[in-house]
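For reference, the chains in residue letters:
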Amino acid sequence: MTDPRRRIPRTDALLAEPRLAKAADELGRDRVKTAIVAAQDRARAGEIVPDDVAEHALAAVDSRRPHPTSLSPVVNATGVVVHTNLGRAPLSEEALDAVRTAGGYTDVEFDLAGGNRARRGTGALAALAEAVPDAGGVHVVNNNAAALLLCALTLAPGKEVVVSRGELVEIGDGFRIPDLLTSAGARLREVGTTNRTGVADYAAAIGPDTGCVLKVHPSNFRVTGFTAEASIAELTGLGVPVVVDIGSGLLRPHALLPEEPDATTALRAGAALVTASGDKLLGGPQAGLLLGETGLVERLRRHPAARALRVDKLTLAALEATLRGEKPPVAAALDADVGALWARAERLAAQLTAYGVAAAAVDSVAAVGGGGAPGVELPSAAVSVPERYAEPLRTGSPAVVGRLDRGRCLLDLRTVPEEADAELVEAVLRCTS
Ligand SMILES: *Cc1c(COP(=O)(O)O)cnc(C)c1O
């Protein structure tokens, strides 16, 4: 009498369930029936409770629906917080909602009260200006590369950009900042050496041909040992605009990342312009942030090329929501408490072990990624499963990307939101069948 299997809903009843009935209309009765039978089998085997049969059948049917995009959703269990190959920063729920709103007709360039044209994207620009009160002016372009391009086009056409030999950086995928500057018609004036550059090196290079001084944060490598660099404050005394590419987009200092530069500190030190990415440590959409002296930002904004680099309404919406909303996933992953990660890893490993999977909670080391904070190791916790699971996990739906380590596949929880824990367990269990 008490056998829970007696409570498994019958196939007819499930086919009449409104959502499954709708799916049967859209995708065909046979496909839905197959999913129902599979879910009933799992309930009979005690893998899921009878009350969940309909949900499981529905999930299985949904995962077989053709996606409107060829991009697949991925659970990032690599432990790399800003993973460039996995789309860098995942957007917050608020930013996703904002994108949905802005996707329709929206007042991005219209004053609803007056019924006439308005300046584009004022909400996002105001949010950025409020987040960095030290910036006199702010502007947003397509990405940080576009921000640098616009600086070079505006400040140094046919002129020199003075830059340290230690800061001629390649970001990744062959993108080199010196090449970007020369493609804009600026000439590079390299000063100093790879490991040591002082303010005197810059001073000796400055003359009538100078367009600006550029300081680039070497975000993806570190030079240690016998090194020296000129500070922003020293460079501002040279009488030319100092542009600072901080890379990762921190607006204020971050306690866990003491060596990452931030916009507020750079502006207080006297930078004329700061450029940064929106989808690295800021945790927002792909965008290039430009912050600095009011007059200079206005010149950038009015340059003819600015139109070619401008962002769309979806980016403006997501950026504003990121700046005004709760902590985005990137910040949550950076701040996650390692004790809480361990508790989750132990819970998930116990669940998997109960189903016969050779799983264990293990110590792990996560990274900031995205070409940021190369020396920083974030203590983390992972669920380790056999290496042979890595491929089926990657090709499952949703895809789960872990990290291979000495014959194991580690699923690092620092980059997995807690809400995805159940999904992670399901994905691993699917690999066992
Ligand atoms: C990432 C990075 C860039 C490029 O930024 P995108 O937003 O990807 O164009 C430029 N400079 C530095 C220092 C960076 O770290």
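Predicted, not measured: the structure shown is a model, and the values here were computed from it. (Residues numbered from 1 in each chain as written. Predicted model: local features only at pLDDT ≥ 70, side-chain atom pairs only at ≥ 80, totals over all residues. Heavy atoms only, no water.)

(A) Representation of the overall build of the protein chain within the structure. Looking only at helices and strands, the protein chain features 17 helices and 18 strands. Dimensions of the protein chain along its principal axes, counting C-alpha atoms only, are 90 × 60 × 30 Å. Residues classed as buried in the protein chain amount to 44% of the 433 residues present. Residue pairs in contact within the protein chain that sit at least 24 positions apart in sequence constitute 74% of those at least 6 positions apart. Accessible area of the protein chain: about 21,200 Å², with a carbon and sulfur share of 52%. Between the centroid of the 46 positive side chains of the protein chain and the centroid of its 54 negative side chains there is a distance of 3 Å. (Helix = DSSP H or I, 4+ residues; strand = E, 2+ residues; numbered from the N terminus. Buried < 20%, exposed > 50% of the residue type's maximum accessible area, 1.4 Å probe, protein only. Contact = heavy atoms within 4.5 Å. Areas by Shrake-Rupley, 256 points an atom, 1.4 Å probe, with all protein chains shown as cover. Lys, Arg positive; Asp, Glu negative; His and termini not counted. Charge placed at Lys NZ, Arg CZ, Asp CG, Glu CD.)

(B) Looking closely at the domain arrangement of the protein chain. Assigned domains of the protein chain: these are domain 1 (4-63), domain 2 (74-89 + 331-430) and domain 3 (93-326). Summarising the inter-unit geometry, the C-alpha centres of domain 1 and domain 2 are found 30 Å apart. (Domains from an automatic or database assignment.)

(C) Representation of helix H7 (residues 144-155). The first and last C-alpha atoms of H7 sit 16 Å apart over twelve residues, in line with the 16 Å expected at 1.5 Å per residue. A large share of H7 lies buried, amounting to nine of its twelve residues. Along H7, the positions that sit buried rather than exposed are Asn144, Ala146, Ala147, Leu148, Leu150, Cys151, Ala152, Thr154 and Leu155. (Expected span 1.5 Å × (residues − 1).)

(D) Highlighting unusual backbone geometry. In this structure, the amide linkage connecting Ser397 to the following residue, Pro398, adopts the cis form with an omega of 0°. The residue Pro398 is located in the loop between helix H16 (390-395) and strand E16 (399-401) in this model. The backbone of Asp173 sits at a positive phi, close to 55°, despite the residue not being glycine. Looking at where Asp173 falls in the secondary structure, it is placed in the loop between strand E7 (170-172) and strand E8 (175-176). Given a relative accessible area of 86%, Asp173 falls into the exposed group.

(E) Representation of the UniProt feature "modified residue: N6-(pyridoxal phosphate)lysine" (unreviewed entry) in the protein chain. According to UniProt, the "modified residue: N6-(pyridoxal phosphate)lysine" (unreviewed entry) feature falls on Lys280. Classification of Lys280 as buried rests on a relative accessible area of 5%. Discounting chain neighbours no more than four positions away, the residues touching Lys280 are Val82, Arg88, Ala89, Gly247, Ser248, Val330 and Gly370. (UniProt positions renumbered as here; feature names shortened; annotations may be inferred.)

(F) The sheet that holds strand E12 (residues 273-277), seen in detail. The seven strands lie next to each other as E5-E13-E12-E11-E10-E6-E9, forming an open sheet whose pairing is mixed. Taken across any chain shown, the strands that pair with only one partner, and hence form the sheet edges, are strand E5 (137-141) and strand E9 (187-191). Adjacent strand axes in the sheet meet at a mean angle of 25° when their direction is disregarded. Across four bridges, strand E6 (residues 160-164) lies against strand E10 (residues 210-216) in parallel orientation. Bridged to Val163 within E10 is Leu214. Lying on the sheet, helix H6 (residues 122-131) is in contact with E5 and strand E13 (288-292); it crosses E5 at an angle near 130°. (Pairing = 2+ DSSP bridges. Axes fitted to C-alpha atoms, helices over the stretch in contact; angles between N-to-C directions.)

(G) The arrangement of the site of the ligand in detail. In the vicinity of the ligand lie 13 residues, with Ala145, Ser219, Asp245, Ser277 and Lys280 positioned nearest. Taking Asn143, its side chain carries an N or O atom lying 3.4 Å from an oxygen atom of the ligand. With respect to the ligand, the side chain of Ser277 contributes an N or O atom lying 2.7 Å from an oxygen atom. Bound to the protein, the ligand loses 95% of the 380 Å² it would expose on its own. Mapped by element, the contributors of at least two residues to the shell around the ligand are H7 and strand E11 (242-247). Of the residues belonging to the shell around the ligand, the class tally is four nonpolar, six polar and three charged. (Near = heavy atom within 4 Å. Polar contact = N/O pair within 3.5 Å; in protein donor to acceptor, adjacent residues only side chain to side chain. Nonpolar A, V, L, I, M, F, W, Y, C, P; charged D, E, K, R; others polar.)

(H) Main features of a negative patch on the surface. Together, Glu93, Glu94, Asp97, Glu326 and Glu419 line one region of the surface with negative charge. One can find Glu93 in helix H5 (residues 93-102). Classification of Glu93 by relative accessible area gives exposed; the value is 60%. (Patch = residues over 30% accessible without salt bridge, like charges linked within 9 Å, V, L, I, M, F, W, Y side chains within 5 Å. Salt bridge = Lys/Arg side-chain N within 4 Å of Asp/Glu carboxyl O.)

(I) Region of the structure containing the packing of aromatic side chains. A full pass over the atoms with the stated rule returns zero aromatic pairs. It is Arg196 that lies over the ring of Phe226; its NZ or CZ is 4.0 Å from the centre. (Phe/Tyr/Trp six-rings, centres within 6.5 Å; stacked < 30°, edge-to-face > 60°. Lys NZ or Arg CZ within 6 Å of the ring centre and 35° of its normal.)

(J) Seen up close, the sheet that holds strand E18 (residues 408-412). Taken in spatial order, the five strands of this open sheet run E2-E14-E15-E18-E17, and their pairing is mixed. Two strands bound the open sheet, and with one partner strand each, they are strand E2 (80-82) and strand E17 (403-405). Here the strands of the sheet are splayed against their neighbours by 45° on average, with no regard to which way each runs. Running over the sheet, helix H15 (residues 338-354) touches strand E14 (360-369) and strand E15 (378-386) and is turned about 5° from E15.

(K) The arrangement of the side chain of His217 in detail. The topology assignment puts His217 in the loop between E10 and helix H10 (232-235). Overall, His217 belongs to the buried group, its relative accessible area being 17%. Among the polar contacts listed, one links the side chain of His217 to the side chain of Glu260, at a separation of 3.4 Å. Setting aside anything within four residues of it in sequence, one finds His217 in contact with Asp245, Ile246, Glu259, Glu260 and Pro261.

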